Amino acid sequence: MDRLCAGLFARAPVYDLVFGCLSPRSLIRLALTCRASYLAVAEFKTRAFNINRHLSRYFADPIAFRCLQARTNTLVSGSNALQFLDRSFYPEADLDLYTHSGHSFEVAQFIVEAEGYHYAPRETQEEDWRVATHFDGNLTQRRVTLGASLTGHSYPTTDIRDVWTFEKTNIHDECLTVQIIEARSSPLESILGFHSTCVMNFITSDAAYSLYPIATFEDRSALGMPSSRSSERAIQKYVKRGWRVYFLPTPNDFAFFLEQVRWVTDKRTWALPLDQTGVQPRPPLSPTSAALTCDPALFNGWRFRVPKKYEGMDFKAYECHYYPLKTTLFRYNYAIPEERLQLFVRDWALQQGKLCHWQIAKEDWIWFDTDLPAFLKQTK
């Protein structure tokens, strides 16, 4: 039997047929059975989760795009991230890129000038992509009111600032669509505002993440968000693709971790490291700031809880809840699952800002995002 298994796991054309039918958890379990299976699964994963091949449908130079991701901390999400982690393919799907304020112009410039897409504005948008995506805000201006206690957010329809569509026809006469979706606060918060958990997945320049992997890939189920900005059509699309969508939890709701604090980096998230060959590291946020070693999306947390409008009722629908952290000490905005943590970091930022801001010119501004993980670790 051992010799038979060793022979099976030594032939990729043979074990590919088997591994291709296994879920992510089944692959992990198989890899733990023996050395031969471990090596075979590791080799299979390098091909099954080849991010450069996956992105090559939309970009002639996927490495250049991933370098852009690292510079701008842009996230790939929506159905494209789901397809990558699920090893599936939806030919009609677009590529959705979620950007932070101040980065959309650079992403659009790459899509148009390096990849040959053309801008397809809506009737209400500027016809020139340069004008449409131009950022005229000032990130050094105050983003919160001094002394105000911020309440939790439940993702209203204003979590997206704008959406820009770019199209091109490939050599197979297929129309490819890339959308830049600029978040009003942060890309991760926009993703947490999706219609259901099965699409709460994203890809950074160095890893892919699924926030609810057991429900999504093992049970093929999803928890729907009644307060979501999405339409019934979006839910129906994923029902047709094979997911069971619950809006009210059942006794078998362990995969959604209701009323529990979640972090992107916790053990309940599936994090899949990606090949970094050729991908340039993230640059410093400014000449006087430290460089991030990972995407800022990893510094975020949330929880599913019953909204006030459902309290006291016999049924309990859930929605995503967090406390926003917005300060001129951080280049990016963050979601914090507990108010005491948010207030702890915010109060430090207010005092640091009082002592620091008036002495520093905008061109020498210091961003302290790299210090945020230490604050969160200290107060968890």
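What you see is a predicted model, and the numbers here were worked out from it, not measured in a lab.

**A few points about the side chain of Thr 165**
Within the element layout of this structure, Thr 165 appears in strand S4 (residues 160–169). Judged by relative accessible area, which is 15%, Thr 165 ranks as buried. A polar atom in the side chain of Thr 165 sits 3.1 Å from the side chain of Gln 179. Sequence-distant contacts of Thr 165, defined by excluding residues within four places in its chain, comprise His 118, Tyr 119, Ala 120, Thr 177, Val 178 and Gln 179.

**Section: the packing of aromatic side chains**
Counted by the stated rule, this structure contains 22 aromatic pairs. Ring geometry for Phe 19 and Phe 44: centres 5.5 Å apart, planes at 80 degrees, overall edge-to-face. Here Phe 19, found in helix H2 (residues 12–19), pairs with Phe 44, found in helix H4 (residues 35–48); they are 25 residues apart in sequence, far enough to count as distant. Both residues of the pair, Phe 19 and Phe 44, count as buried. With a centroid separation of 5.3 Å and 35 degrees between ring planes, the pair formed by Tyr 119 and Phe 166 is classed as tilted. Here Tyr 119, found in strand S3 (residues 118–119), pairs with Phe 166, found in strand S4; they are 47 residues apart in sequence, far enough to count as distant. Overall, Tyr 119 belongs to the buried group, its relative accessible area being 12%. Grouping aromatic residues by their ring pairs yields a cluster made of Phe 49, Phe 84, Phe 217 and Trp 270. The cationic tip of Arg 57 hangs over the ring face of Tyr 58; the distance from NZ or CZ to the ring centre is 5.7 Å. The ring of Phe 257 carries Arg 268 above its face, with NZ or CZ at 4.9 Å from the centroid.

**Details of the nonpolar core**
One finds Ile 111, Phe 166 and Phe 304 to be the most contacted residues of the largest nonpolar core, which totals 99 residues. In terms of residue count, the dominant contributor to this core is helix H8 (residues 104–114) (five residues). The contact partners of Phe 166, leaving out residues within four places of it in the chain, are Ala 108, Ile 111, Val 112, Tyr 117, His 118, Tyr 119, Trp 129, Leu 176, Thr 177, Val 178 and Ile 180.

**Overview of the pattern of salt bridges**
Following the criterion strictly, the structure yields 16 salt bridges and no others. In this structure, Asp 16 engages Arg 47 in a salt bridge whose closest nitrogen and oxygen atoms are separated by 2.8 Å. Here Arg 47 lies in helix H4 and Asp 16 lies in helix H2, a separation of 31 residues in the sequence. Asp 16 sits in the partly exposed class, given a relative accessible area of 23%. Its salt-bridge partner being Arg 303, residue Glu 338 comes within 4.0 Å of it at the nearest N-O pair. Here Glu 338, found in the loop between strand S15 (334–336) and helix H13 (339–356), pairs with Arg 303, found in strand S12 (residues 301–305); they are 35 residues apart in sequence, far enough to count as distant. Residue class for Glu 338 comes out partly exposed when judged on its relative accessible area of 23%. Each of Asp 16, Glu 43 and Arg 47 takes part in a single network of salt bridges with overlapping partners.

**Re the sheet that holds strand S10 (residues 262–263)**
Think of a sheet as strands paired side by side through backbone hydrogen bonds, with each pair either parallel or antiparallel. Across the sheet, which stays open at both edges, the three strands sit in the order S10-S12-S13 with antiparallel pairing between neighbours. Every interior strand has two partners, whereas the edge strands, S10 and strand S13 (319–321), have only one. Examined bridge by bridge, S10 and S12 share two bridges and lie antiparallel to one another. If you follow Trp 263 over to S12, its bridge partner there is Gly 301.

**Describing the pairing of S4**
The pairing of S3 with S4 spans two bridges and is antiparallel. From the neighbouring strand, Tyr 119 faces S4, where its bridge partner is Phe 166. Sheet topology note: the S4/strand S5 (residues 175–183) ladder contains nine bridges and is antiparallel. From the neighbouring strand, Glu 167 faces S5, where its bridge partner is Thr 177. Counting the residues that bridge the hairpin from S4 to S5 gives five residues, and of these Asp 173 lies at a positive phi of roughly 65 degrees.

Parameters at a glance
Residues numbered from 1 in each chain as written. Predicted model: local features only at pLDDT ≥ 70, side-chain atom pairs only at ≥ 80, totals over all residues. Heavy atoms only, no water. Helix = DSSP H or I, 4+ residues; strand = E, 2+ residues; numbered from the N terminus. Buried < 20%, exposed > 50% of the residue type's maximum accessible area, 1.4 Å probe, protein only. Polar contact = N/O pair within 3.5 Å; in protein donor to acceptor, adjacent residues only side chain to side chain. Contact = heavy atoms within 4.5 Å. Phe/Tyr/Trp six-rings, centres within 6.5 Å; stacked < 30°, edge-to-face > 60°. Lys NZ or Arg CZ within 6 Å of the ring centre and 35° of its normal. Core = buried A, V, L, I, M, F, W, Y, C linked by side-chain atoms within 4.5 Å. Salt bridge = Lys/Arg side-chain N within 4 Å of Asp/Glu carboxyl O. Pairing = 2+ DSSP bridges.

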